[in-house]
Amino acid sequence: MALKMVKGSIDRMFDKNLQDLVRGIRNHKEDEAKYISQCIDEIKQELKQDNIAVKANAVCKLTYLQMLGYDISWAAFNIIEVMSASKFTFKRIGYLAASQCFHEGTDVIMLTTNQIRKDLSSPNQYDTGVALTGLSCFVTPDLARDLANDIMTLMSHTKPYIRKKAVLIMYKVFLKYPESLRPAFPRLKEKLEDPDPGVQSAAVNVICELARRNPKNYLSLAPLFFKLMTSSTNNWVLIKIIKLFGALTPLEPRLGKKLIEPLTNLIHSTSAMSLLYECVNTVIPILKSPVLARNNTVFLYVEKLYFVFFPPTVKYLGLLAMSKILKTHPKSVQSHKDLILQCLDDKDESIRLRALDLLYGMVSKKNLMEIVKKLMIHVDKAEGTTYRDELLTKIIDICSQSNYQYITNFEWYISILVELTRLEGTRHGHLIAAQMLDVAIRVKAIRKFAVSQMAMLLDNAHLIASNTQRNGICEVLYAAAWICGEFSDHLEESNQTLEAMLRPKVTTLPGHIQAVYVQNMVKLYASILQQKEQAGEKEAAQEITQLMIDRLPQFVQSADLEVQERASCILQLIKYIQKLQIKEVPVAEEVIALFAGELNPVAPKAQKKVPVPEGLDLDAWINEPPSDSESEDEKPRTIFHDEEQRHSRHRQPEIDEEELARRREVRKQEQANNPFYIKSSPSPQKQYQDTPGVEHIPVVQIDLSVPLKVPGMPMSDQYVKLEEERRHKQKLEKDKKKKKQKKEKKGKHRRHNSLHTESDEDIAPAQHVDIITEEMPENALPSDEDDKDPNDPYKALDIDLDKPLADSEKLPVQRHRNAENLKSPDTEAPLVGKKSKKPKKKEKKHKEKEREKEKKKEREKKVTEEGKKVKSSKHRKKKHKKEKEEKSKDKKKSKKKHHHSEEEPAESVQNGTLDDEPLPVRNWAALASLEKGGGTYDIQGNLQNDSQVTVSVIFENKSTSFLKSMELNVLDSLNAKMLRPEGSSVHDGIPVPFQLPPGISNEAQFVFTLQSIVMAQKLKGTLSFIVKNDNGSTHEKLDFKLHFSCASYLITTPCYSDAFAKLLESGDLHMSSIKVDGISISFQHLLAKICFYHHFSVVERVDSCASMYSRSIQGHHVCLLVKKGENSVSVDGKCNDSTLLSNLLDEMKETLSKC
Amino acid sequence: MRFMLLFSRQGKLRLQKWYLASSEKEKKKMVRELMQVVLARKPKMCSFLEWRDLKVVYKRYASLYFCCAIEGQDNELITLELIHRYVELLDKYFGSVCELDIIFNFEKAYFILDEFLMGGEIQDTSKKSVLKAIEQADLLQEEDESPRSVLEEMGLA
């Protein structure tokens, strides 16, 4: 053995330590990997040795290698070995290695549980500290469950160093093991007032993090935090608290009002940017509420933000904060437009993108043109296609937001779109195209202009499409071709456009675009044909037909099926037309009829919502399978799939006039009956076919004086000027127009969301838009629910902390402290489990003053039966004891049983059992009893009218000491609050107005307000007091729970049978029933119990059947029908409120089952 | 805070602390990605960037980048202050710290960080108390080591 050790130690002297390793790695830059693998081999050898120092050194080196990216998971077991070293030096390294490389998938992690537990209870605080630190990095649900209780104990450690670590790690424990939150929370809360600032800030940290995720459970802590906020000077803590308030204010608007002042003070006084930033972030949403929206203050904040947040390193934050302000106070930000525009020049992309976001929210009718102009300049300057694309999408977003709300001149917008097509290499060609289509279709007044621009685009198609085949921008040609074809009657130089479309170059375009070309050139051809025929130019008409026949074959040869099919189909058609033309038959009318039909914008989802008429089988063929001409409607899905429905069109094949008229009639009828069909004007019949009804558009002044001389491309800038002039003019005519608009509105269909309604800036748009509000199916659910991620780790922590702890919720870990009090005089009850532990306790006792204290507390919770007996002769009792420690509970139970048997006939009642005596109106409940050297307090509750209830408490001092300065405090819940004197905070207790000499009892009353009474409530509370005896005075506390049962909200109210019958007939009562078996007491007895414990009165009784009635303090009627069978009782209840009823019945069931 | 990284201008990781345990593979990927993003940034750019669903706060001290990833709602500026505080602590402990100090005493750098932050939350806002805790722990370590002589270790003492 000794020899082995000697060998190990000698080896060790030649081992590399960490420094050697680092140096070695630095010296082997060339063959680092090789060197390291060699080192790892060495380390493996070292790990095999018994000497813990060698192992620790090896693990230390491994930790370094792990950082360099080498896998060291194979050494997990060795790490645990090092963790369990007794020497701090090694332990520290072991825990460090573990914290760096352990994670939930590490299988040996479960082996650490006991080691960690040992370290946690180590007398050396640094052992404990290092274990806590390590654990915080690799805690798993299992570890959290097993160690939660140990850590909770450490939260009350004597050393603040341990306390703060324990408090912090609890957060991690909560996340992994949410069940621990409720049992640990009271202690965590205590730590908010820890004398050590480190512990306090740790507690603030943890609670704030918890509260941010589930704020509603922490509302009751608001006053405490408010106090902390106004008293703390630690910026780190303040930031956390303010963040917490930020999460709470949306739930409790009154809080916001209170916060404004201290936060504003902080904003003005602090020199810390971080604090300022946090304050501003929190204040802004508060100011949203109309009462508080004093724009001046907001302006002030914005200014402040400005000066502080415009150095380059934090500019980002300034913009971020602005975007928050923008949501509530757009105007205050708008004044800084120029600065924000400057940010677009920033080198940093994240700043540029933030600035773009801001601009999106800043536009108004007034500044849209200006902002977009600036953006256009940036588009030209922008480096890198990603940013340019971003700009492009932003421009389109900005302009098209809320149904083109801010666009007053659509000619300008079309020009912008056309200018955007000059962008090279953008991916967003389809976006521009979609916009062009949308605008041209929806803004009728702009069609003429749009068509002329599109014709120009088609003419210059070579500029757009020339670069590359994959160029995204060529998508705009799709839109251009379609617009020119569809609205061909607006086209001036139709021939030229048609020729442009027939150029051989077109065949290099992508297939789906060619297909649209082919389709639309026929439309164009049709309209030219018509023109020529009407003008009697037969020659010209034949020429154009010949042109088509000459050029179409190039499309017939296309590789794209769609193009080929359409082209050959159309080619045949045109050849047929040519034949007719040669025979001098007029054909134009018939050709144009191919494309006749009104085009209306339809809501994207409207199609789905059209109800299927009765007797219609959608799957059956109506006629023969659809002819080729109908396939025209199909547009390539790939690009405009979301647009498709909007563009659905009605086309009719050649049919005779009569049929046409008949169909028109049918369709009109259909449209009239269809609520989802959006009519473009109040009188669509008149302009039905060829005239696109422009008359009914309000401000149709299309300024045709616009100089369009720039060959090829228009300049949007001109519109800015023109627009200004127009606006000026408009202003003069304002009054006149207003009247007109009003008229206009009346006549409009409801679903037309007119622009005029929202023009707060008095700028009427130049063109009218058919705006469609998107419709949702009626039964569509609001999607709020979907927002929550089911995998959200914080969701599990959404726990109501005000609810009292149930026994099942206690931490499942063995207790460190024993509930037994060694000195207690009343340990007569047999406590087997405890006794076995006593000796251990005794050994430790001398060391552990701290624990002694704890024990005392528990002792206090014990009950002396004496006190109760006295009460039970007078009052009924329900005992609800605060039973924190399971062991003390055991004891109590055994006592209770004992007690029961002692005074059987009198039926002293505990835990809700009943008393027979037809006694008083009061239903006493012992809230808690305390015994300290023979003293007892019995606390009883009683409730009174309205939404207020009064709780009467009898304090009885059974000890030999004098009790004074008693203060009763209750932890308010959202629903129930103790009524405190004006000006005191929620955390102040209410002093009991008397002192208690030994052996004296007295009664005090406390008022509570309740909001809802449909559910039973439990409130936790504490009674603090000073015990004064010969040895001096000590401060003591006693925890209790107040139980407000539903029955306690009922007031016994007599009711006559006819009124009762009427009530039952009224029908608006909810019904519920229960059945309880094994009832042996007489019916009379039973009714008496219900009357007494649940505050009912008997209305009528027939044999073993009775009707009963009661009213709640908030006026709910409760009717019961009680029937007794052989061994069972059934209770049918009716009540205005179903929750109240079911809760009442549950309570009743409990009572009855004890009979 | 999700994690903290220290890396050099050359893209060598000097320290990493993960407050949300994840697998090695994932960690490596994130480190590589983030290093690339941060190193590509120019000196005058702002200290914050949006990365994945996190916000990254970084600051450069000499050749070392200190880089923290925080969640959306966290305060960026306090994180910046936190980085600075950590640098101050290192500085106090090592006495004008340089990159080499951190390379050769990387475990100490971790210990200091662990005393300062725990589970991603600030543990103690007072520099003094952090340093005191470290000093005392070091003292304990020396006590462990001091009585040991080669002879003792060989079991001959």
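Because the structure is a prediction, the values reported are computed rather than measured. Sequence positions are assigned chain by chain, starting from 1 and proceeding in written order. A letter from A marks each chain and a number from 1 marks each ligand, given out in the order of writing. The predicted nature of this model means local features are confined to residues of pLDDT at least 70 and side-chain atom pairs, given and counted, to a pLDDT of 80 or more, with totals for whole chains, interfaces and linings taken over all residues. Remark: hydrogens and water are excluded; side-chain values derive from all non-hydrogen atoms of the structure.

### What to know about the overall build of chain A
Inference 1: Helix and strand labels come from DSSP, where a helix needs a run of H or I of at least four residues and a strand needs a run of E of at least two; each type is numbered from the N terminus. Within chain A, the regular secondary structure consists of 46 helices and 15 strands.
Inference 2: For every residue, the accessible area obtained with a 1.4 Å probe (protein chains only) is divided by the maximum for its type, and the residue is called buried under 20%, exposed over 50%, and partly exposed between those limits. Taken across its 1155 residues, chain A has 55% of its residues classed as buried.
Inference 3: If you take every contact in chain A between residues at least 6 apart in sequence, the share linking residues at least 24 apart comes to 70%.
Inference 4: Note that accessible areas follow from Shrake-Rupley with a 1.4 Å probe, and for residues the cover is restricted to the protein chains shown. When the accessible surface of chain A is summed, it comes to about 54,000 Å², and 52% of that surface belongs to carbon and sulfur atoms. By definition, residues are in contact when any of their heavy atoms lie within 4.5 Å.

### Here we look at a nonpolar patch on the surface
Residue and element names in this part refer to chain A.
Inference 1: A surface patch of nonpolar side chains, about 340 Å² in accessible area, is lined by Phe77, Met110 and Leu111.
Inference 2: Assignment of secondary structure puts Met110 in the loop between α6 (88-101) and α7 (112-120).
Inference 3: The exposed category is assigned to Met110, whose relative accessible area is 60%. Patch criteria: residues need more than 30% relative accessible area and no salt bridge. Like-charged residues are merged within 9 Å; nonpolar side chains of Val, Leu, Ile, Met, Phe, Trp and Tyr are merged within 5 Å. For this document, the term salt bridge refers to a Lys or Arg side-chain nitrogen within 4 Å of an Asp or Glu carboxyl oxygen.

### A closer look at the pattern of salt bridges
Residues and elements named next belong to chain A.
Inference 1: Under the criterion given, the structure shown has 39 salt bridges over all chains.
Inference 2: Measuring nitrogen to oxygen at the nearest pair gives 3.4 Å for the salt bridge that ties Asp146 to Arg145.
Inference 3: Owing to a relative accessible area of 34%, Arg145 belongs among the partly exposed residues under this scheme.
Inference 4: One salt bridge in this structure joins Arg354 and Asp357, with 3.4 Å as the shortest N-O distance. Residue Arg354 and its partner Asp357 are located together in helix α21 (residues 349-362), separated by three residues, close to a single helical turn.
Inference 5: Take Asp357: its relative accessible area is 35%, and that puts it in the partly exposed class.

### Re unusual backbone geometry
Inference 1: Phi at His1095(A) takes a positive value of approximately 60°, unusual for a residue other than glycine.
Inference 2: Although it is not a glycine, Arg52(B) sits at a positive phi angle of roughly 50°.
Inference 3: If you trace the backbone, Arg52(B) turns up in the loop between β3 (48-51) and β4 (54-61).

### Points about empty space enclosed by the protein
Inference 1: Put simply, the grid is 1 Å and covers the protein atoms alone, a cavity is a trapped set of points that fit a 1.4 Å probe, a pocket is an open set with protein on both sides within 12 Å along at least five of seven lines, and lining residues have an atom within 4 Å of a point. Grid points are joined across faces, edges and corners, and a volume is the space filled by probe spheres set on the points. Scanning the model with the defined rule gives 13 cavities of 30 Å³ or more in all.
Inference 2: Volume-wise, the largest cavity comes out at about 260 Å³.
Inference 3: Lys240(A), Ile78(B), Leu82(B), Glu121(B) and Ile122(B) are, among the 20 residues lining the largest cavity, the residues nearest its centre.
Inference 4: Elements with a contribution of two residues or more to the lining of the largest cavity: α12 (197-213) and α14 (235-248) of chain A together with α2 (76-94) and β7 (121-122) of chain B.
Inference 5: Considering each element in turn, the lining of the largest cavity owes the most residues, five residues, to α14(A).
Inference 6: Split into classes, the residues belonging to the lining of the largest cavity amount to eight nonpolar, six polar and six charged. Throughout this entry, Asp, Glu, Lys and Arg are counted as charged residues, while Ala, Val, Leu, Ile, Met, Phe, Trp, Tyr, Cys and Pro are counted as nonpolar. The remaining residues, Gly among them, count as polar.

### Remarks on the interface of chain B and chain A
Inference 1: Of the residues lining the interface, 65 residues belong to chain B; the matching set on chain A comes to 71 residues.
Inference 2: Buried area is a sum: the accessible area each of two parts loses on coming together, probed at 1.4 Å, counted once for each and added. Taking both partners together, chain B and chain A bury about 6,300 Å²; carbon and sulfur atoms supply 56% of that area.
Inference 3: Summed over the shared surface of chain B and chain A, the number is six salt bridges.
Inference 4: Looking at the side of chain B that touches chain A element by element, the count peaks at nine residues for helix α5 (residues 127-145) of chain B.
Inference 5: Among the residues making up the side of chain B that touches chain A, the classes are represented as 26 nonpolar, twelve polar and 27 charged.

### Remarks on a positive patch on the surface
Residues and elements named next belong to chain B.
Inference 1: His is not counted here, nor are the chain ends, while Lys and Arg score as positive and Asp and Glu score as negative. Throughout, a charge is located at the NZ atom of Lys, the CZ atom of Arg, the CG atom of Asp or the CD atom of Glu. A grouping of Lys25, Lys28, Lys29 and Arg32 is seen on the molecular surface, where their side chains present a positively charged patch.
Inference 2: By the element assignment, Lys29 lies in helix α1 (residues 24-39).
Inference 3: Given a relative accessible area of 42%, Lys29 falls into the partly exposed group.

### Brief notes about the packing of aromatic side chains
Inference 1: Only the six-membered ring of Trp is used, alongside the rings of Phe and Tyr, when aromatic pairs are assigned; centres must lie within 6.5 Å, and planes under 30 degrees apart are stacked while those over 60 apart are edge-to-face, with the rest tilted. With the rule as written, the count across this model stands at 18 aromatic pairs over all chains.
Inference 2: Where Phe88(A) meets Tyr126(A), the ring centres are 6.5 Å apart and the plane angle is 65°; that geometry is what we call edge-to-face. In this pair, Phe88(A) sits in helix α6 while Tyr126(A) sits in helix α8 (residues 125-138), placing the two residues 38 residues apart along the sequence. Judged on exposure class, the residue Phe88(A) and its partner Tyr126(A) are both buried.
Inference 3: Aromatic pair Phe106(B) and Tyr110(B): ring centres 5.6 Å apart, planes at 80°, arrangement edge-to-face. Within this pair, Phe106(B) and its partner Tyr110(B) are both found in helix α4 (residues 106-116), separated by four residues, close to a single helical turn. Neither Phe106(B) nor Tyr110(B) differs from the other in exposure class; each is buried.

### Some details on the side chain of Arg213(A)
Residue and element names in this part refer to chain A.
Inference 1: Relative to the elements of secondary structure, Arg213 occurs in helix α12.
Inference 2: Among the residues examined, Arg213 registers a relative accessible area of 18% and is labelled buried.
Inference 3: Pairing of N or O atoms within 3.5 Å defines a polar contact, subject to two protein rules: one partner must be a possible hydrogen donor and the other a possible acceptor, and residues neighboring in sequence count only if both atoms are side-chain atoms. Side-chain polar atoms of Arg213 contact the side chain of Tyr171, separated by 3.1 Å.
Inference 4: In terms of polar contacts, Arg213 uses its side chain to reach the side chain of Glu209, at 2.9 Å.

### Here's the deal with α2(B)
Residues and elements named next belong to chain B.
Inference 1: The end-to-end C-alpha separation of α2 is 27 Å, in line with the 27 Å expected for 19 residues at 1.5 Å each.
Inference 2: The N-cap of α2, judged by a side-chain oxygen 2.9 Å from the amide nitrogen of Leu77 a few residues on, is Asn75.
Inference 3: Count one or two residues on from α2 and you reach Gly95, which has phi positive near 75°. Multiply 1.5 Å by the residue count of a helix minus one, and that product is the helix's expected span.

### Re the sheet that holds strand β4 (residues 962-970) of chain A
Residue and element names in this part refer to chain A.
Inference 1: Strand pairing is assigned whenever DSSP detects at least two bridges linking the two strands. With antiparallel pairing, the four strands of this open sheet are ordered in space as β6-β4-β8-β9. If you trace the sheet from one side to the other, it starts and ends with β6 (990-991) and β9 (1032-1044), each paired once.
Inference 2: Inspection of the sheet shows β4 paired to β6 by two bridges, in the antiparallel sense. Residue pairing for β6: Leu968 is matched across the bridge by Ile990.

### Concerning the nonpolar core
Inference 1: Counting residues in hydrophobic clusters, the biggest one holds 287 residues, and the most contacted among them are Phe225(A), Tyr517(A) and Tyr86(B).
Inference 2: Considering each element in turn, this core owes the most residues, twelve residues, to helix α30 (residues 511-535) of chain A.
Inference 3: Setting aside chain neighbours within four positions, we find Tyr86(B) in contact with Met4(B), Leu6(B), Leu15(B), Phe66(B), Ala109(B), Ile112(B), Leu113(B) and Phe116(B).
Inference 4: The nonpolar core is taken to be a set of buried Ala, Val, Leu, Ile, Met, Phe, Trp, Tyr and Cys residues, with the residues joined through side-chain atoms within 4.5 Å. Listed in part, the 29 residues of the second largest apolar core include Leu963(A), Val1027(A), Leu1038(A) and Ile1113(A).

Everything listed here is a matter of geometry and, on its own, says nothing about what the molecule does.
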